[in-house]
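Observations on the model geometry
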Amino acid sequence: MERSGNGADSDPLLFVYGSLKRGMANHAQLQQAAWVGCARLEGLALYDLGPFPMAIACSEPDSAIEGELYTVDAALLEQLDRFEGAPRLYQRELYRLNSREGIWVYVGRSRQVRHVQRLSSGCWQGPAAIFKRGGSPPANDPPRPATAPEPKPPARPATSGPVDGAVAPPPS
């Protein structure tokens, strides 16, 4: 896998690996894009930040992440740059898929994930995947925080009349 710097915006393919994938919370951002298929992109490692993942450049031999490819145009790339917080949160970089096609991918910086465990599978399942399937997280994947318990209903105010359907005694 070969990595290039930011190239021309005419490059039509975008690789997504997180909340922009089909079935995820932000997929609607890709309404104007055409789905090409699933892909595996080498040279990146994936980290789970909770509500979304972050891919980081990685030189380890077996590092790769799973995602989806979409055909996009320059206007949609600009819109996605704003949505993804580029260039502050992510950098949009041009990578080579299978040493031939240039594809855009949003990549973070290693300092942004220094306290986060890497997703060894290279595939993000969503922010609540562990709760959907039940059980414990896969090996080397970070545990998900438990959801907060539902709040208790407010206490019923004291009344001088009947409670819960009880009948008041007749007046004397």
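Keep in mind that what you see is a predicted model, and the values were worked out from it rather than measured. (Residues numbered from 1 in each chain as written. Predicted model: local features only at pLDDT ≥ 70, side-chain atom pairs only at ≥ 80, totals over all residues. Heavy atoms only, no water.)

The final tally for this structure, using the stated rule, is one aromatic pair. An angle of 80 degrees between the planes, with centres 6.5 Å apart, marks the rings of Tyr90 and Tyr106 as edge-to-face. With Tyr90 in the loop between helix H1 (74-84) and strand E7 (91-97) and Tyr106 in strand E8 (residues 101-107), this residue pair connects regions lying 16 residues apart in the sequence. The buried category is assigned to Tyr90, whose relative accessible area is 4%. Overall, Tyr106 belongs to the buried group, its relative accessible area being 3%. Note that Arg22 overlies the ring of Trp35, its terminal NZ or CZ placed 4.0 Å from the centroid. Positioned above the aromatic ring of Trp104 is the side chain of Arg92, whose terminal nitrogen or guanidinium carbon lies 4.4 Å from the ring centre. (Phe/Tyr/Trp six-rings, centres within 6.5 Å; stacked < 30°, edge-to-face > 60°. Helix = DSSP H or I, 4+ residues; strand = E, 2+ residues; numbered from the N terminus. Buried < 20%, exposed > 50% of the residue type's maximum accessible area, 1.4 Å probe, protein only. Lys NZ or Arg CZ within 6 Å of the ring centre and 35° of its normal.)

For the structure shown, the criterion picks out four salt bridges. Here Glu68 makes a salt bridge to Arg22, at a shortest N to O gap of 3.4 Å. Here Glu68 is found in strand E6 (residues 64-71), whereas its partner Arg22 is found in the loop between strand E2 (13-16) and strand E3 (34-42), with 46 residues between them in sequence. For Glu68, a relative accessible area of 7% translates into the label buried. Judged by its relative accessible area of 42%, Arg22 is partly exposed. (Salt bridge = Lys/Arg side-chain N within 4 Å of Asp/Glu carboxyl O.)

The next point concerns the nonpolar core. Within the largest apolar cluster, 38 residues are counted, with the highest numbers of intra-cluster contacts made by Leu14, Phe15 and Leu41. Breaking this core down by element, the ones donating at least two residues are E2, E3, strand E4 (44-48), strand E5 (53-57), E6, H1, E7 and E8. If one sorts the elements of this core by residue count, E8 sits on top with five residues. For Phe15, the residues in contact, after removing those within four places along its chain, are Ala39, Leu41, Ile65, Glu66, Gly67, Glu68, Leu69, Ile103, Trp104 and Val105. (Core = buried A, V, L, I, M, F, W, Y, C linked by side-chain atoms within 4.5 Å. Contact = heavy atoms within 4.5 Å.)

So, on to the environment of Arg22. Residues Arg22 and Glu68, 46 residues apart in the sequence, show an inter-C-alpha distance of 8.3 Å. Once residues lying within four places of it in the same chain are set aside, the contact partners of Arg22 are His27, Trp35, Cys38, Glu68 and Tyr70.

It is worth spelling out the state of the cysteines at this point. Within this structure, the stated rule accounts for zero disulfides. The thiol of Cys38 is unpaired, and the distance to the nearest cysteine sulfur, on Cys123, comes to 9.0 Å. On the basis of relative accessible area, Cys38 is assigned to the exposed category, the value being 59%. The exposure class assigned to Cys123 is partly exposed, which follows from its relative accessible area of 21%. (Disulfide = S-S within 2.5 Å.)

Attention now moves to H1. Where H1 is concerned, the buried positions are Leu76, Leu77, Leu80, Asp81 and Glu84. Down the axis of H1, the buried set is contained in an arc of 145 degrees. They therefore lie on one face. The outward face of H1, more than 90 degrees from its buried face, is lined by the exposed residues Ala75 and Arg82. Its side-chain oxygen at 3.3 Å from the backbone nitrogen of Ala75, Asp73 defines the N-terminal cap of H1. (Arc of directions from axis to C-beta. Polar contact = N/O pair within 3.5 Å; in protein donor to acceptor, adjacent residues only side chain to side chain.)

Okay, the pairing of E5 next. With four of five residues buried, E5 is to be regarded as a mostly interior element. In the sheet, E4 pairs with E5 via five bridges, with the strands oriented antiparallel. What sits directly across from Leu46, in E5, is Ala55. The hairpin turn running from E4 into E5, its antiparallel successor, is four residues long, and Gly50 in that turn takes a positive phi close to 105 degrees. (Pairing = 2+ DSSP bridges.)

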